[in-house]
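# Examining the three-dimensional arrangement
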Amino acid sequence: MIPRSAAIDEDLPEQPKVLLVDDDEVNLLLTSIALREQGFAITEATSGERAIAVLADWVPDVVVLDALMPGLDGFQTCRELRVLPGFESLPVLMLTGLDDDASITRAYEAGATDFFVKSTQWSLLAGRLRYLLRASRTRAELERSKSRLARAQDLARMGSFDWRRGHGGPMFSVEALRVFGIGPNEGLAFRTLLRMLSADERSGLVQVLHEVMKHSTVLATDIPATLHDGRQRIVHVEAEPEFSEHGNLVGYSGIVQDVTDRRMAEDKIRHLANFDVLTGLPNRRQLIWRAERALEHGRRLNHQVALLLIDLDRFKIINDTLGHGAGDELLMEVARRLRSCVRHSDQVAESSIESLGSRSHRSLEAVGRLGGDEFVALLPEVADERDAERVASRILDLMREPIFVGGQECFVTASVGIALYPRDGSTVADLMRNSDVAMYSVKSAGRNSASLYRPALAGQGREKLELESALHKAIERDELVLHYQPKVDVRGAKMVGAEALMRWRRNGVLVPPGDFIPMAEETGLIVPMSEWAIREAARQARIWQDNFGFADSIAVNLPNRMFERTDLVEYIHNAVTTYGVPHHAIELEITETGLMKDLQNVIPSLHRLNEIGVEISIDDFGTGYSSLAYLTTLPISELKIDRSFVRDLGMTPQSSAVVTAIIALARSLGLRVIAEGVENLRQMEVLHRLGCGVMQGFLFSRPQPPEDVEAWLQQTVLPRKAPWIGKAGDADVAEVLRFADPRAKPVS
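What counts, and where the lines are drawn
- Residues numbered from 1 in each chain as written.
- Predicted model: local features only at pLDDT ≥ 70, side-chain atom pairs only at ≥ 80, totals over all residues.
- Heavy atoms only, no water.
- Helix = DSSP H or I, 4+ residues; strand = E, 2+ residues; numbered from the N terminus.
- Buried < 20%, exposed > 50% of the residue type's maximum accessible area, 1.4 Å probe, protein only.
- Contact = heavy atoms within 4.5 Å.
- Core = buried A, V, L, I, M, F, W, Y, C linked by side-chain atoms within 4.5 Å.
- pLDDT = per-residue confidence, 0-100.
- Pairing = 2+ DSSP bridges.
- Axes fitted to C-alpha atoms, helices over the stretch in contact; angles between N-to-C directions.

Looking now at the side chain of S173. With respect to the helices, strands and loops of the structure, S173 is situated in the loop between β7 (171-172) and α6 (174-179). You can call S173 buried: its relative accessible area is 17%. Once residues lying within four places of it in the same chain are set aside, the contact partners of S173 are G159 and S160.

Rendered as structure tokens:
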């Protein structure tokens, strides 16, 4: 059960209305249940077309869209939603497993308010929705405030004035005097008005007035004034010239309006659009804008620009251990330190940059947050690569100092990748990509350092780094998936378990396991990936238990590095209890070679796992070169006959002899036996005659998504439509024995 949020924001509806759109009914159901537990009122739609139909006569508080759907996908649905009357500013959160620049840009171009990487961390999703609702409420209030000011300008904080040539200073109405904090019985001389301005503003206003009167043009300007009571106000002045019948200028008439609130609202809206809410640093949008301006100046003035991509090395560990509150605290401290390493500027006004002169681009220098634990330092002018390396060195030195978060001292280092314009790219996208490649070369070399991009990183090395870079983010982007291959009892024609096999869906395409599993093992990522697989398998076991009474085990391949965890048993216990399934719902598969490689460290954990009910299976049995003595001492429940022995069954006597020996060994030790890699009826029939009745392989089913396994059960197994059903159980064991030993005499 997912705990409901203890407190709902007072400025939000008691049950915010959410339209949840997802074509995956399982994800739709899980997300819907989780958000209801968090206090949201959920309306579901299984397609973009259905969502548009629902919105025709109902307005939710927020829309949550799955990005990838058949038919009308999330991006197109968002575009169509935005053209509906009244939906121009409705918060739209795009759910996606793709965390690359292209998909993020596409989501924002379609009109999405924000995006969220799919995960089972429902509290994060609920928090993001509440943030969007608060931001939407703030934006709506600001817009309404601006509208009220426009409608009520004749009655509040607005007045008129007249100036006639040769008649002294301007004459202000009572309402205009009130704008400047002057009572109705007091006058406002022009000299007194000028004293309300700072020296710079005063000279600027006088210059503007001279130019306006010289050319008899319209006056429109804002002046920041300090009233007699010390209040700082911004007053908008607008006036039109008046002419005599001979065309001579005789004076001006106009209005003054206190626009302080409007300017503050505009500044706040501008800040929300350009700065990260948590750290206050420029966000992705603002960083890209600054970088583009910096490159324009670099091209024009012929100097180099540096972009430093900064990724924290141990942020995930601290975030997972101390909690997200401590993680946010850490990010704010990191932002403060990074800001001190450069000449950080909060400048965002496009018009003011050009007014600063030939070196105006230096005001673009800043540190910004891309998202998560990634930051960028933009150096709009560097003499050479050594300037950028000096900044990177300052960053690394500061990051090595301890940080106190959550009442605990932590150490968080950083990996920095450096790319220079024009040497390493002519566009912002080029610099971002190449600095990312350089940063991950630091990760591969051991972290806690900085590296310049080098052309040598391109080609095959670059492809590997990019793949590794993407793999580092695969879990948080929700790109990893488990496919399940059923284990089948051929005599009873039923599924008696399944093996969970990890797949990586990158950019919508499944990456072959051989392309990323070795890399994961090499980089150590196999540990968090295996942890995720255990929890995901437990979650799926619960779903199947609810859907069709699944009471068997899901086998998860466990690498040897997982046994380095001192809390492995506790982790598995927490995983199964979280989803309310028994311990035997998870079975651990360990390869024979891997088992023997680190037997002394593995034995204690295996016994503890066996004590709580988790069963152990030896995978690829018979391919190792170890002693069989461990079979009598370890708490093993199952042997898996390797596919290399199954492949030639029914074709060579040697294969049958080996399989017969493994089955006999398993029986004598009281172990279950299962054959993998069964691809045809010949192999199935021989295995069954030899005494192995549980199998898995392409003959029965390929590894497939969990919903397809359910469909396979409903459409193939239960109706008994598969070609293998009924083929086992009728063969004569003597025929197999005779085949295994041609010298044997037929049984009469």
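Alright, that's what it looks like, and here's the rest.
Attention now moves to the nonpolar core. In this structure, L471, W504, I641, V678, L687, F700 and W724 are the most contacted members of the largest nonpolar core, which totals 86 residues. Among the elements that line this core, the one with the most residues is helix α18 (residues 526-548), at 10 residues. Counting residues in hydrophobic clusters, the runner-up holds 34 residues, among them A306, I310, V367 and L452.

In this model, the protein chain carries a mean pLDDT of 84, and residues with pLDDT of at least 70 account for 88%. At the low end of the mean pLDDT range in the protein chain sits helix α27 (residues 733-740), at 40; at the high end sits strand β26 (residues 694-696), at 95. In the model, residues 1-8 has pLDDT below 50 throughout and makes 17 contacts with residues more than four positions away in sequence or in other chains. Overall, residues 730-748 carries pLDDT values under 50, and its contacts beyond four positions in sequence, including any with other chains, amount to 17 contacts.

This part covers the sheet that holds strand β13 (residues 374-382). Strands sit in the order β12-β13-β11-β16-β17 across an open sheet of 5 strands; the sheet is mixed. Bordering the open sheet on either side are β12 (366-371) and β17 (449-452), each of which pairs with just one other strand. Each neighbouring strand pair of the sheet contributes to a mean axis angle of 20°, computed without reference to strand direction. With 8 bridges connecting them, strand β11 (residues 304-312) and strand β16 (residues 414-421) associate as antiparallel partners. Pairing of L312 across the sheet is with A414, part of β16. In the packing of helix α10 (residues 284-301) onto the sheet, the strands contacted are β11, β12, β13 and β16, and the crossing angle to β12 comes to about 135°. On top of the sheet, helix α12 (residues 324-339) reaches β11, β12 and β13; it is set at about 10° to β13, its chief contact.

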